[in-house]
Amino acid sequence: MKYLINRIARMNFKKMFVTIDKIHKKTNKNKLLLFLDIVYCGLRYQSGYMDYYLLEFYNLKNKDRKTYITRGINNKYIRHFNNRNYYHYFSNKDEFNTEFKKYLKRDFIIINNNEKEFNNFIKDKEYIFCKPRNGSCGKGIEKIKVSDYKNKNLYNYLESKKLTVIEELIKQDKKMNDLYPYSVNTIRMVSILHNNKVNVVFAYLRIGSSKNFVDNFNSGGMVVPVNINTGEIEFPAIEKDGNLYEKHPDTNISIKGFVIPRFNEAKELVEKAGKEIKEIGMAGWDIAISDKGPLIVEANELPGHDIYQLPVHRKTNKGLLEELHKIIKL
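The structure displayed is predicted, hence computed values, not measured ones.

K.L.:
When you look at unusual backbone geometry in this model, what are you seeing that I'm missing?
P.N.:
For residues other than glycine, phi is negative in most cases, and the peptide bonds are mostly trans. Positive phi is not limited to glycine here, since Lys162 has a value of about 60°. Within the secondary structure layout, Lys162 lies in the loop between helix 10 (154–160) and strand 4 (163–168). The class of Lys162 is exposed, set by a relative accessible area of 63%. The backbone phi angle of Arg262 is positive, close to 55°, even though this residue is not glycine.

Here it is in structure tokens:
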């Protein structure tokens, strides 16, 4: 009830009514009835209006609605498994790289008023990947060609942009590179630590497009679920604007039917990393398949819930709440 009251207090009603208009235009359903149904689903299934829209609750019966991981249910699991006092190990990229160094399989440096150390780090590198200390959705990240700053002070530029976490580039596995070569295509794996066992529950592949160097869904990339047992992709990928692709538009490589190489090794990596900070028992891990094997790019202490359950990637009207219940029912 406390969560529900806080959500109502912070709700953007203007955006909610814009969303209702979208659903009305798509379905011709009465706006007042849609509003009342959104309120009902919020009370009954802890879903927000974006859950209602993205998961197409307006087309589902109650027996199916109750099978979905909604925002409220996802937050309940996060509150149960994750201690907020330990969020900083995941949200701050410098702390994350330091704590999970053995899983990164690449060199990195944290800019800390040591220009000489930085210059030594970049002297044999053609490109570097530069990240702000915190941030999400790939925002603020820059891929920099070192030689472009031959006559400029790269160190001062990075400090001015607050790009403090500097990494060598990841060279991805040939098969992943053939799929899309301009970004590292990462697998988001959600894990839950329960009874001292790390369970990899969901996975989806994020793929770059249009020559963007980041693969994030909110930065122009596309996403598609991955079969957690086989590593195979069984659906077309979707962009944020709703376009679907069975083949990648830039490379013509088939997405549907693509099998991620070394997928079991990637799961094993998450099963080990998930025990490092046990106070964060539920996490989303971004895994790259590199020429050195699977590695961790970064991780998120607040894993999402909707992308795994989009209508275009459903074989039935059922959601994935049962998969969480197989581990623990809260």
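This is not the end of the story, as more comes after the structure.
K.L.:
Would you take a moment to explain helix 3 (residues 31–45) for this structure?
P.N.:
One turn of the α-helix equals 3.6 residues, which is why residues spaced by three or four share an orientation. Along its 15 residues, helix 3 runs 20 Å from first to last C-alpha, staying within 8% of the 21 Å computed at 1.5 Å per residue. Every buried residue of helix 3 is listed here: Leu34, Asp37, Ile38, Cys41, Gly42 and Tyr45. Buried residues of helix 3 fall within an arc of 140° about the axis and therefore sit on the same side. Residues of helix 3 that are exposed and angled more than 90 degrees away from the buried face: Leu32, Leu33, Leu43 and Arg44. Where helix 3 begins, the side chain of Asn30 points an oxygen toward the backbone nitrogen of Leu32, at a separation of 2.9 Å. Once helix 3 ends, the next one or two residues include Gln46, with phi positive near 60°.

K.L.:
Whenever I open this one, the layout of surface pockets confuses me. Can you help?
P.N.:
Considering only enclosed or pocket space, the second largest pocket measures out at about 750 Å³ in volume. The wall of the second largest pocket is formed by 25 residues, among which Phe202, Val226, Ile228, Leu320 and Glu323 lie closest to the centre. With five residues, strand 6 (residues 197–207) is the largest single contributor of residues to the lining of the second largest pocket. By residue class, the composition of the lining of the second largest pocket is 11 nonpolar, seven polar and seven charged.

K.L.:
Before we go on, may I ask you to explain the pairing of strand 4 in this structure?
P.N.:
Taken residue by residue, a regular strand's side chains alternate between the two faces of the sheet. Relative to strand 4, strand 1 (residues 108–110) runs antiparallel, the two being bridged by three bridges. Bridged to Ile109 within strand 4 is Ile166. Pairing of strand 2 (residues 127–132) with strand 4 involves five bridges; the strand directions are antiparallel. Counted as the bridge partner of Cys130 is Ile166 from strand 4.

K.L.:
How should the sheet that holds strand 2 be read in this particular structure?
P.N.:
The pairing of strands in a sheet happens through backbone hydrogen bonds and is either parallel or antiparallel. With antiparallel pairing, four strands are arranged side by side in an open sheet as 1-4-2-3. Whereas interior strands pair on both sides, the edge strands pair on one side only; in this sheet they are strand 1 and strand 3 (142–145). Strand-to-strand twist of the sheet, defined as the mean angle between neighbouring strand axes without regard to direction, takes the value 25°.

K.L.:
What's the story with the packing of aromatic side chains in this structure? I'm lost.
P.N.:
Scanning the entire structure with this criterion turns up 18 aromatic pairs. Considering the side-chain rings of Phe90 and Phe100, the 5.6 Å spacing of their centres and the 65° angle between planes classify their relative orientation as edge-to-face. Of this pair, Phe90 sits in helix 7 (residues 88–91) while Phe100 sits in the loop between helix 8 (93–99) and strand 1, placing them 10 residues apart in sequence. On the basis of relative accessibility, which here comes to 5%, the residue Phe90 falls in the buried class. Members of the aromatic cluster, each reached through a chain of ring pairs, are Phe90, Phe96, Phe100, Tyr103 and Trp285.

K.L.:
When you look at the side chain of Ser47 in this model, what are you seeing that I'm missing?
P.N.:
In this structure, Ser47 sits in the loop between helix 3 and helix 4 (49–54). Its relative accessible area of 8% is what places Ser47 among the buried residues. At a separation of 3.3 Å, a polar atom in the side chain of Ser47 contacts the main-chain carbonyl oxygen of Cys41. Not counting residues within four places of it along the chain, the set of residues in contact with Ser47 comprises Cys41, Gly42, Phe57 and Thr70.

K.L.:
How should I be thinking about the nonpolar core in this particular structure?
P.N.:
One broad rule of soluble globular proteins: the nonpolar side chains tend to lie buried together. The biggest cluster of nonpolar side chains holds 60 residues, and the ones touching the most others in it are Leu205, Trp285 and Ile287. Ignoring sequence-local partners within four residues, the contact set of Leu205 consists of Met176, Leu179, Asn185, Thr186, Ile187, Met222, Val223, Val224, Val226, Ile233 and Ile260. Counting 15 residues, the second-largest nonpolar core is a separate cluster that includes Phe121, Val146, Leu158 and Ile166.

K.L.:
Hey, could you run me through the environment of Lys101 in this one?
P.N.:
Mapped onto the elements, Lys101 comes out in the loop between helix 8 and strand 1. Here the alpha-carbon distance between Lys101 and Ile170, two residues 69 residues apart in the chain, equals 14 Å.

K.L.:
How should the pattern of salt bridges be read in this particular structure?
P.N.:
Opposite charge on two side chains permits them to pair, given that their charged atoms come into close proximity. By the definition in use, this model includes 20 salt bridges. When the shortest N-O distance is used, the salt bridge between Asp64 and Lys63 registers 3.7 Å. Notably, a salt bridge pairs Glu234 with Lys315, separated by 3.4 Å at the nearest N-O pair. Remark: Lys315 occurs in the loop between strand 11 (293–300) and helix 13 (321–325) and Glu234 occurs in the loop between strand 7 (222–225) and strand 8 (237–239); sequence separation between them is 81 residues. Look at Glu234 and you get partly exposed, because its relative accessible area is 28%. Beyond isolated ion pairs, a larger network of salt bridges with shared partners links Arg106, Lys131, Glu167 and Glu298.

Rules used in this analysis
- Residues numbered from 1 in each chain as written.
- Predicted model: local features only at pLDDT ≥ 70, side-chain atom pairs only at ≥ 80, totals over all residues.
- Heavy atoms only, no water.
- Helix = DSSP H or I, 4+ residues; strand = E, 2+ residues; numbered from the N terminus.
- Buried < 20%, exposed > 50% of the residue type's maximum accessible area, 1.4 Å probe, protein only.
- Expected span 1.5 Å × (residues − 1).
- Arc of directions from axis to C-beta.
- Polar contact = N/O pair within 3.5 Å; in protein donor to acceptor, adjacent residues only side chain to side chain.
- 1 Å grid on protein atoms, 1.4 Å probe; cavity = no way out; pocket = protein on both sides within 12 Å on 5 of 7 lines; lining within 4 Å.
- Points joined across faces, edges and corners; volume = space filled by probe spheres on them.
- Nonpolar A, V, L, I, M, F, W, Y, C, P; charged D, E, K, R; others polar.
- Pairing = 2+ DSSP bridges.
- Axes fitted to C-alpha atoms, helices over the stretch in contact; angles between N-to-C directions.
- Phe/Tyr/Trp six-rings, centres within 6.5 Å; stacked < 30°, edge-to-face > 60°.
- Contact = heavy atoms within 4.5 Å.
- Core = buried A, V, L, I, M, F, W, Y, C linked by side-chain atoms within 4.5 Å.
- Salt bridge = Lys/Arg side-chain N within 4 Å of Asp/Glu carboxyl O.

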